Structures are given as C-alpha cells and as structure tokens.
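Chain by chain, the residues run as shown.
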Amino acid sequence: NAGVTQTPKFQVLKTGQSMTLQCAQDMNHEYMSWYRQDPGMGLRLIHYSVGAGITDQGEVPNGYNVSRSTTEDFPLRLLSAAPSQTSVYFCASSTRDLKTRFFGPGTRLTVL
Amino acid sequence: AQSVTQLDSHVSVSEGTPVLLRCNYSSSYSPSLFWYVQHPNKGLQLLLKYTSAATLVKGINGFEAEFKKSETSFHLTKPSAHMSDAAEYFCVVTFQTGANNLFFGTGTRLTVIP
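Residues numbered from 1 in each chain as written. Chains lettered and ligands numbered in written order. Predicted model: local features only at pLDDT ≥ 70, side-chain atom pairs only at ≥ 80, totals over all residues. Heavy atoms only, no water.

Caption draft 1: Spotlight on the nonpolar core. Within the largest apolar cluster, 26 residues are counted, with the highest numbers of intra-cluster contacts made by B:Trp35, B:Leu48, B:Leu76 and B:Tyr89. Take this core: its biggest share by element is four residues, from strand S10 (residues 87–95) of chain B. In contact with B:Leu76, other than residues within four places in its own chain, are B:Val19, B:Leu20, B:Leu21, B:Trp35, B:Leu47, B:Leu48, B:Phe63, B:Glu64, B:Ala65 and B:Tyr89. Formed by 18 residues, the second largest nonpolar core is a distinct cluster that contains A:Val4, A:Met32, A:Leu78 and A:Val111. (Core = buried A, V, L, I, M, F, W, Y, C linked by side-chain atoms within 4.5 Å. Buried < 20%, exposed > 50% of the residue type's maximum accessible area, 1.4 Å probe, protein only. Helix = DSSP H or I, 4+ residues; strand = E, 2+ residues; numbered from the N terminus. Contact = heavy atoms within 4.5 Å.)

Pasting the structure below:
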C-alpha cells in the first residue's frame, strides 16, 4: 500500500491563479479530509468527506472547493489563490470509526 | 465546546533527561486522544493513541501517555530524551459525535540539548 499520497510536494502560485492539490489513498478509507498547517495554529480542517459523493465544510473552507467522485481521490481546489493561503496542506484518510488516521506527506504552497 | 490546549509552545531538555509535554482537553463527550510527531519538513507520524481502553498508552520510540479523565489531561512522557526526538509534537483530540474532525493543539517544539 502506498498509503496517502499528495502531489505536488511544492508549489508557487501568483495571486489570482487557480490550482488543484491532489490527494489519493489506496486503503479503501471512507473518510478523507484536508488540513492546513500554519505556524502557531496547529492544523485546521478545511473540508472533509465521509464517502464518495459527500463533502462538507470544516473550520476554514473559504477559498477552497473539494469533490469526491471516487473513494480513492479527494482533490482540493484553490479558486483564486491569495497570499493568505500560503501554508502547508495535509490530506488525511481514516477508517470509519475515525480511530486510525493516516496523513499524507504534505504540499507546501506559496502564493506571491 | 471542544478544544485542546498544549501548555508549552517550546520545551528544551538535555539528552538523557526525561521529557514531559503537556496536553489538556475540554469536551462534553468521551474523547479519543492522539499524539503526533512532525520532524522538520516531514509529515505527521502517529506516536500513540487512546481510544477508551487502558489509560496508560505506550507508543513508538519509548514514548507513553496517560489519560486522566479527572484532570482532562493526556500528557506525553519519555524517560530519557534522545537527540532524534527533537521535533514538533501535536496533541490531537477527536470526539465521537459523528463529525469527521480532529482538534489539533498548537504544537510543542521539543529541543534536545547534547
């Protein structure tokens, strides 16, 4: 198993550009989620999904969209990048009981 | 309201001395509790977890944590620090409310002095 994979590892955008951060897992987990990590703030939930076709907002959803067309993939879209979205983004997947959660290696995004 | 607090943003210890990283939570529900470690420019690695079984939980690399309901605490300890333990540590809580959410503490950076 590859676990949770994220691409790209690093990305630099200009303000106003759009892009998609990819996340995939091969463990057949129903639950997937996106977090952003900022200094002194821990990780904050952006969006999550409890299964294919079902998504919901987390703590900081503004400026981000998600979709879950398959169990394996959970892409995060930045519609119009802003400097405030400079962060490290982590994707995670978990078993149904939420007791075992796996994180991807992260994507470091810089918005100029 | 649910929340998790890591009481120290930075802890420094000498190599070979004990480590104590403190975590307190508040919740109306029975929590599951985790400690994750993040080495520089690396992802998050699970150290240990408490999910309503034994209150003293042993994890990887010699770390352990004790769930104390009366004190709403889940402090992380290690008897003897190693240089490789230098990293950032996150206390994480999830509540069995049906929502897919983890509450992260703000992190404690552990420095190990040779």
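Caption draft 2: Representation of the sheet that holds strand S1 (residues 4–7) of chain A. Residue and element names in this part refer to chain A. An order of S1-S3-S8-S7 is seen for the four strands of this open sheet, with the pairing classed as antiparallel. Because the sheet does not close on itself, it has two edges, and the strands there are S1 and strand S7 (64–66). Pairwise comparison of adjacent strand axes, ignoring direction, gives a mean angle of 20 degrees for this sheet. Sheet topology note: the strand S3 (residues 19–25)/strand S8 (residues 76–78) ladder contains three bridges and is antiparallel. Following the sheet pairing, Thr20 is matched in S8 by Arg77. (Pairing = 2+ DSSP bridges. Axes fitted to C-alpha atoms, helices over the stretch in contact; angles between N-to-C directions.)

Caption draft 3: Highlighting the confidence of the model for chain B. A residue-level look at chain B finds 92% of positions with pLDDT of 70 or above and a mean pLDDT of 88. For chain B, strand S11 (residues 103–104) of chain B is the element with the lowest average pLDDT, namely 82, and strand S3 (residues 19–21) of chain B is the one with the highest, namely 98. (pLDDT = per-residue confidence, 0-100.)

Caption draft 4: Broad picture of the interface of chain B and chain A. Listed per partner, the contact involves 19 residues of chain B and 24 residues of chain A. Around 1,700 Å² of area is buried between chain B and chain A when both sides are counted, 53% of it from carbon and sulfur atoms. Linking chain B with chain A are zero salt bridges, by the criterion used here. For the side of chain B that touches chain A, the secondary structure elements donating two or more residues are strand S5 (31–38), strand S6 (44–50) and S10 of chain B. The element contributing the most residues to the side of chain B that touches chain A is S5(B), with three residues. (Buried area = accessible area lost by both parts, 1.4 Å probe. Salt bridge = Lys/Arg side-chain N within 4 Å of Asp/Glu carboxyl O.)

Caption draft 5: Structural context of the pairing of S6(B). All names here are of chain B. Across six bridges, S5 lies against S6 in antiparallel orientation. The residue of S6 that forms the bridge with Phe34 is Lys49. Linkage of S5 to S6, two consecutive antiparallel strands, is achieved through a turn of five residues, within which Asn41 is found at a positive phi near 60 degrees.

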